[in-house]
Amino acid sequence: MSTAFKFENEIVQRSERAKSVEFHPTEPWILVSLHSGTVYIWNYQSQTTEKTFKVAESPVRSAKFIPSKRWVIVGSDDAFIRVYDYGTMEKIKEFQAHKDYIRCVGVHPTLPYVLSASDDAVIKLWDWEKDWECTQTFEGHSHYVMRVAFDPQDPNAFASASLDGAIKIWNVHSSAAKFTLDAHEKGLNFVDYFSRDDKHYLLSGSDDYTAKVWDDKGGSCVHTLEGHEHNVTAVCAHPELPIVITGSEDETLRIWDANSFGLKHALKFDHGRIWGIAYQKGSRRVAVACDEGIAVVEIVC
C-alpha cells in the first residue's frame, strides 16, 4: 500500500512576485529572485532576510548559489549575468551574456561551469576558472529557451527545454544537440532529471497543462501527469522521498507517486501563480516561488 503524502506547516514570506527559489546546502537559507529586479537570501529558521541585492531594474528570473565559492549568480531580463560574494555582498563579475532575457542559469555540481538560457534561443556555457569565458554556444531551439539542467549521471551532459515544444540533450563539448524530443504540443517551461530504482528519467512541464516523465535513454514518454488547469511551470522529483512535485499557474502544487505516477495530493495556494519549486536535501521542506512571494511547506505522511 502506497504512502499518502501531503503538505503542511506553511510559512509565507510576502514580497513582489518571486520567480525562482533555491535552498543553500548547509545554511538555513533560501535564495529568492524577484520580478522587481531584487534578489534576497531569507533565513527560514529565524524568518528574517539575511542579505538583499538590488540587481537590476528588470526582472531577475533565475538565481543560484555557488556554495564552493560563496557566490550567488543571477540572470536578468537586461541580458546580463551578475555574480556576488554572499559574504561581503561584493559584486564579483558583471557581463552581458545574451541578446535577450535570461530565463535560467544552471550551475554544474562539480565543474566550474554555468549554463545560461535565453529568449534569444541560445544556450551558453561559461567557465569561471577562465574569467567567465564563454567556452561553448549551443544553438538549435527555435523559440525561447526556458530551462537547462545538468545530468547528475554524466558530467558532460545537460538537457534544455524551450517554448518550441522540444527537449534537447547536449554534450558540453559540442555545439550540436545529441538528440531532440518533440515533447509537448505546446511550449515547455521546465526540464529536470531524476532517478528511481536505478532508472534515469527526465521530467518536463508544459503550457499544455501537463507534466511528462521520459526515459532519458530511449526518449520514450513513460507517463503523462494530467490534472493541472493551467500551464505547468515547475517540476521536481524529491531525492529522498518517492514523489514528484508539480506547480502551475493554476495556483496548485501537486504530489505524484514517483513509482506509479498517480496523484497523491493537491494543495490550492492562496498566493497566486507558482513559478518555481525547490526541495531541501535531508529534510522534507519545499520552497515555492509565487506571485505574492514565497512559501515554505513540509511534506508529511
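Residues numbered from 1 in each chain as written. Predicted model: local features only at pLDDT ≥ 70, side-chain atom pairs only at ≥ 80, totals over all residues. Heavy atoms only, no water.

Participant: Can you walk me through the pairing of strand S24 (residues 252-257) in this structure?
Facilitator: Both faces of the sheet carry side chains from a regular strand, because those side chains alternate between them. Counting buried residues along S24, six of its six residues qualify, which places the element largely inside the surrounding structure. Burial along S24 is two-sided: the residues Thr252, Arg254 and Trp256 and Leu253, Ile255 and Asp257 are all buried. As paired strands, strand S23 (residues 243-248) and S24 are joined by five bridges and run antiparallel to one another. Pairing of Val244 across the sheet is with Trp256, part of S24. Where S23 folds back onto S24 in an antiparallel hairpin, the turn is made up of three residues, including Glu251, whose phi is positive at roughly 70 degrees. Sheet analysis places S24 next to strand S25 (residues 263-268), joined by five bridges and oriented antiparallel. Bridge assignment links Trp256 to a residue of S25, and that residue is Leu263. (Buried < 20%, exposed > 50% of the residue type's maximum accessible area, 1.4 Å probe, protein only. Helix = DSSP H or I, 4+ residues; strand = E, 2+ residues; numbered from the N terminus. Pairing = 2+ DSSP bridges.)

Participant: Help me out: how do you make sense of the packing of aromatic side chains in this one?
Facilitator: Two descriptors summarise a pair of aromatic rings, namely the distance from one centre to the other and the angle between the planes of the rings. Here the structure, examined in full by the defined rule, presents 14 aromatic pairs. Note on Phe138 and Phe158: the rings are 5.0 Å apart at their centroids and 80 degrees apart in plane angle, and the pair reads as edge-to-face. Of the two residues, Phe138 sits in strand S13 (residues 133-139) while Phe158 sits in strand S15 (residues 157-162), which places them 20 residues apart along the sequence. The exposure class assigned to Phe138 is buried, which follows from its relative accessible area of 1%. By relative accessible area, which is 0% here, Phe158 ends up buried. Ring plane angle 65 degrees and centroid distance 6.2 Å describe the contact between Phe150 and Phe158, whose orientation is recorded as edge-to-face. Note on accessibility: Phe150 and Phe158 belong to one class, buried. Three or more aromatic residues link up through ring pairs in this structure, and these residues are Trp71, Phe95, Trp126, Trp128 and Trp132. For the cation-ring pair, Lys19 lies above Trp275, with the distance from its terminal atom to the ring centre recorded as 3.6 Å. (Phe/Tyr/Trp six-rings, centres within 6.5 Å; stacked < 30°, edge-to-face > 60°. Lys NZ or Arg CZ within 6 Å of the ring centre and 35° of its normal.)

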